[in-house]
Amino acid sequence: MDEHSEAREQMAKRRKVGNLLGLHILATLSIQQLHPYEIAAQLKAFGKDQDIKIQWGSLYTVVQNLEKHGFIAAAETVREGRRPERTVYRLTPAGRDELTDWVRELVGTPEAEFPKLQAALSVVGVLPPDEVIELLEQRLSILAVENDQMRQVLRATAHEVPRLFLVEGEYRLAIREAEVTWLTGFLTELRDGTMAGIGAWRRIHETGELPEDLSEFMTET
């Protein structure tokens, strides 16, 4: 293990609360004191539900864990009308240190990620090539519409919101555009039959038998 890998492992291990929802909760409380319902409402209002999954059960669990480890603390308990009491939380000095350290790690240290598409592509051979072509065409059609919508939202919002608060949306769009570029090239190889091994791939689904020599996948088209 090299020095950088060891450093990454050590940094990942020391997080007492590793759920990324915790990062967003800390960031939200760094601006103002809120109770969990208000935290969730603010995250959704600022579109953070596009970056992480926000679920009531997990949100309350993460809030409890952050409080347990001293990153946030109860500031006051409030009651509105007949509603149950709600605890308003504040960020502690330890929580602010954790927030800034966590952001430094995520921004400066690459970490292996495991997208669902990557997992699917690793076993895509279980489907015949023609079906994969149809599915990729379907995926690209959906991406084309969604990416265009994202561009429109970014352009419209750019006149009202500082870019600092839009960069995660720009990054998300850039990743999806890169996906379109790669999938388009892969789809072209499948359509015109120039992908190495596509002949062997087809025969597997036509005959139900695996080739004796895997070298067929290396050269045959």
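Residues numbered from 1 in each chain as written. Predicted model: local features only at pLDDT ≥ 70, side-chain atom pairs only at ≥ 80, totals over all residues. Heavy atoms only, no water.

Engineer: What am I meant to see in the packing of aromatic side chains here?
Structural biologist: Here the distance between the centres and the angle between the planes together describe a pair of aromatic rings. For the structure on display, the rule yields 1 aromatic pair. Measuring from ring centre to ring centre gives 5.1 Å for Trp182 and Phe186, while their planes differ by 25 degrees; the resulting arrangement is stacked. Remark: Phe186 and Trp182 occur in helix 8 (residues 167–192); sequence separation between them is 4 residues, near one turn of the helix. Over the ring of Tyr37 we find Arg86, and its NZ or CZ is 5.1 Å from the ring centre. (Phe/Tyr/Trp six-rings, centres within 6.5 Å; stacked < 30°, edge-to-face > 60°. Helix = DSSP H or I, 4+ residues; strand = E, 2+ residues; numbered from the N terminus. Lys NZ or Arg CZ within 6 Å of the ring centre and 35° of its normal.)

Engineer: I'm lost on the packing of helix 3 (residues 36–45) against helix 4 (residues 56–68) in this one. Help?
Structural biologist: Between two packed helices, the angle of one axis relative to the other and the distance separating the axes together describe the packing. Where helix 3 meets helix 4, the axes come as close as 10 Å, and the angle between the chain directions of the two elements is 120 degrees. As summarised for this structure, helix 3 and helix 4 are arranged oblique, according to the angle between their axes. Relative to helix 4, the crossing made by helix 3 is right-handed. Facing helix 3, whose interface residues are Pro36, Tyr37 and Ala40, helix 4 presents Trp56, Leu59, Tyr60 and Val63. A per-class count over the contact of helix 3 with helix 4 returns 7 nonpolar, no polar and no charged. (Axes fitted to C-alpha atoms, helices over the stretch in contact; angles between N-to-C directions. Parallel < 35°, antiparallel > 145°, perpendicular 65-115°, else oblique. Left-handed = near helix turned anticlockwise from the far one by under 90°. Contact = heavy atoms within 4.5 Å. Nonpolar A, V, L, I, M, F, W, Y, C, P; charged D, E, K, R; others polar.)

Engineer: Explanation requested: the side chain of His35 in the structure shown.
Structural biologist: Inspection of the secondary structure assignment puts His35 in the loop between helix 2 (20–29) and helix 3. Beyond its immediate stretch of four places on either side in the chain, His35 contacts Arg86, Thr87 and Val88.

Engineer: For this particular structure, what's the right way to read helix 3?
Structural biologist: An α-helical segment advances 3.6 residues per turn. Residues three or four places apart therefore align on the same side. For helix 3, the full list of buried residues reads Pro36, Ile39, Ala40 and Leu43. Down the axis of helix 3, the buried side of the element spans an arc of 95 degrees, and every buried residue falls inside it. Elements that come into contact with the buried residues of helix 3 comprise helix 2, helix 4 and strand 2 (86–91). (Buried < 20%, exposed > 50% of the residue type's maximum accessible area, 1.4 Å probe, protein only. Arc of directions from axis to C-beta.)

Engineer: I'm lost on the nonpolar core in this one. Help?
Structural biologist: Within soluble globular proteins, side chains that are nonpolar tend to cluster in buried spots. Among the nonpolar cores identified, the biggest contains 22 residues, and Leu21, Ile25, Leu26, Leu29, Leu66 and Ile72 are the most heavily contacted of them. Counting only elements with at least two residues in this core, the list comes to helix 2, helix 3, helix 4, strand 2 and helix 5 (93–108). Sorting elements by how many residues they give to this core places helix 2 first, with 5 residues. In this view, Leu21 contacts Leu43, Ile52, Lys53, Ile54, Ser58, Leu59 and Val62; residues no more than four positions away in its chain are not counted. Membership of the second largest hydrophobic core comes to 13 residues, among which are Leu117, Ile133, Leu136 and Phe186. (Core = buried A, V, L, I, M, F, W, Y, C linked by side-chain atoms within 4.5 Å.)

Engineer: What should I look at first to understand the packing of helix 2 against helix 4 in this one?
Structural biologist: Running from N to C, helix 2 and helix 4 point in directions that differ by 70 degrees, and their axes come no closer than 10 Å. Comparing their axes, helix 4 and helix 2 come out roughly perpendicular. In terms of crossing hand, the pair formed by helix 2 and helix 4 is right-handed. On helix 4, the residues touching Leu21, Gly22, Ile25 and Leu26 of helix 2 are Ser58, Leu59, Val62, Val63 and Leu66. Looking at the contact of helix 2 with helix 4 residue by residue, the classes come out as 7 nonpolar, 2 polar and no charged.

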